[in-house]
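Spelled out from the first residue to the last, the chains are:
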Amino acid sequence: MLVGGEGTRLRPLTDNVPKPALTLVDRPFLAYMVEWLGAHGVTEVVLACGFLPDRLREALGDGEHEGVALTYVVEPELRGTAGAIRFAAEAIGDRLEDRFLTLNGDVLTDLDLSALLRAHERRGARATLGIYGVEDSSTFGLVACDAAGAVLAFTEKTGEAVPGEISAGAYVLERSVLDLIPPGRKVSIETEVFPRLVGDGLCALRLDGYWMDIGTHERYLQATWDILEGRVETEVRATAPGLFLGADSAVADSARVGPRAVVAARCSVGEDAEVADSVLLAGSTVGAGARVSGSILAPGAVVEPGARVDDAIVAENERVPAQR
Ligand code: GTP
């Protein structure tokens, strides 16, 4: 699993926390991914780390998560999506099986990985991409296939809001694909490796279900509501549809929280405060009479009494004073 990126689009939330370790509702994002893999029979996950590897290790710990063994591999410098796979493969040596899954570590999904593996085996492919149909493909590159599922071409993002099939960031690879990745330098699997496999064993399978790349603030919030409103299969238990209140958070009786909101552990929401369509991460505070909407408060952020925060991200430990 590729978890080494800097997550620049999620700054400042990712200033000190790598994207996969960011809390989503009640657990580190990585936990959702490992639980999804475990549900499809995966027994070991190798985490290809780069940016802030210690924070990632802290998120799920060494050892295992829900019965899935975890191994952390740290690149000396970012090697790109393919370079990272090669580096991790070399680091674990003989433990790498002849066929393995590769995943982008920033996708919340319940797509059927078992079906992807079966399609790969049935077709005798060298690599099989999970693809996902979207209504608006303007921010994604597209994957074109023939009726039998062989990949014909990749197209760059067009900027047009047209429907199309995009790579879901989940691949089955044969070990021989590693030979196409030059060692010791930054290499992209999307632009340097997959195009070379077109017509040479590269297949794709369209998967239906839930899929969301959480890499922007808007999508991080949308993923939160989708979990809390039951649109994706997860183990999370919402306090009410659209709402999650952490056990040790203090919400004043007169505060209005919701209809969509997360109040994580050790947060406090004062008298007559309002919180709507917002996520308060651990230890953040909304003072009495303050109003927060469409926003994310990073851990330890403080919205002072009477202040107003709309459609904003408040960075870790920052304070927002009341406007005069
Ligand atoms: P942005 O900076 O906001 O684009 O986010 P990002 O750094 O996560 O990049 P992107 O979304 O393109 O990356 C897709 C996945 O690959 C993410 O899970 C990244 O963590 C991971 N990734 C990207 N580049 C590298 C790399 O050089 N090494 C490793 N190990 N992982 C990477």
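Residues numbered from 1 in each chain as written. Predicted model: local features only at pLDDT ≥ 70, side-chain atom pairs only at ≥ 80, totals over all residues. Heavy atoms only, no water.

Okay, the domain arrangement of the chain next. When its domains are assigned, the chain resolves into domain 1 (2–228) and domain 2 (243–320). Each of domain 1 and domain 2 has a C-alpha centre, and the two are 32 Å apart. Contacts between the two partners involve 13 residues from domain 1 and, on the opposite side, 16 residues from domain 2. Between domain 1 and domain 2 lies a buried interface of about 1200 Å² when both sides are counted; carbon and sulfur atoms form 78% of it. Looking only at domain 1, the three residues that lose the most surface to domain 2 are L13, L221 and W225, adding up to 40% of its buried area. The tally of links between domain 1 and domain 2 comes to 0 salt bridges. Inspection of the domain 1/domain 2 interface yields 0 residue pairs in polar contact (both at pLDDT 80 or more). (Domains from an automatic or database assignment. Contact = heavy atoms within 4.5 Å. Buried area = accessible area lost by both parts, 1.4 Å probe. Salt bridge = Lys/Arg side-chain N within 4 Å of Asp/Glu carboxyl O. Polar contact = N/O pair within 3.5 Å; in protein donor to acceptor, adjacent residues only side chain to side chain.)

If a residue is not glycine, its phi is most likely negative; likewise, a peptide bond is most likely trans. In this model, R11 is joined to P12 through a cis peptide bond whose omega is 5 degrees. For P12, the location among the structural elements is in the segment before β1 (23–24). Looking along the chain, the bond that leaves G258 and enters P259 is cis, with omega of 10 degrees. Mapped onto the fold, P259 is located in the loop between β16 (256–257) and β17 (261–263). In the Ramachandran plot, D272 falls in the positive-phi region, its phi being about 60 degrees despite a non-glycine side chain. Residue placement: D272 occurs in the loop between β18 (268–269) and β19 (274–276). Positive phi, normally seen in glycine, also occurs at D311, with a value near 45 degrees. (Helix = DSSP H or I, 4+ residues; strand = E, 2+ residues; numbered from the N terminus.)

Here the focus is the packing of aromatic side chains. Taken as a whole, this structure holds 5 aromatic pairs when the rule is applied. Pairing Y171 with F194 gives two aromatic rings, centres 4.8 Å apart and planes at 75 degrees, and the pair type is edge-to-face. One end of the pair, Y171, is in strand β11 (residues 164–174); the other, F194, is in helix α5 (residues 189–197), with 23 residues separating them in the sequence. As far as the burial class goes, Y171 and F194 line up, both buried. An aromatic cluster is present here, built from Y132, F140 and W211 joined pairwise through their rings. It is R27 that lies over the ring of Y32; its NZ or CZ is 5.4 Å from the centre. (Phe/Tyr/Trp six-rings, centres within 6.5 Å; stacked < 30°, edge-to-face > 60°. Buried < 20%, exposed > 50% of the residue type's maximum accessible area, 1.4 Å probe, protein only. Lys NZ or Arg CZ within 6 Å of the ring centre and 35° of its normal.)

Taking a probe equal in size to a water molecule and rolling it over the atoms shows the remaining empty space. Here the largest pocket is characterised by a volume of approximately 1500 Å³. Residue lining of the largest pocket: 47 residues in total, with R9, T81, N104, D106 and E190 positioned closest to the centre. Elements represented by at least two residues in the lining of the largest pocket include exactly α3 (80–92), β9 (142–145), β10 (151–155), β11, α5 and β13 (211–213). In terms of residues, the lining of the largest pocket owes the most to one element, β11, which gives 5 residues. Residues of the lining of the largest pocket, tallied by class, amount to 18 nonpolar, 17 polar and 12 charged. Estimated volume of the second largest pocket: approximately 640 Å³. Considering every element that reaches the lining of the second largest pocket, the biggest residue donor is strand β6 (residues 99–103), with 5 residues. Here the residues of the lining of the second largest pocket sort into 16 nonpolar, 3 polar and 5 charged. (1 Å grid on protein atoms, 1.4 Å probe; cavity = no way out; pocket = protein on both sides within 12 Å on 5 of 7 lines; lining within 4 Å. Points joined across faces, edges and corners; volume = space filled by probe spheres on them. Nonpolar A, V, L, I, M, F, W, Y, C, P; charged D, E, K, R; others polar.)

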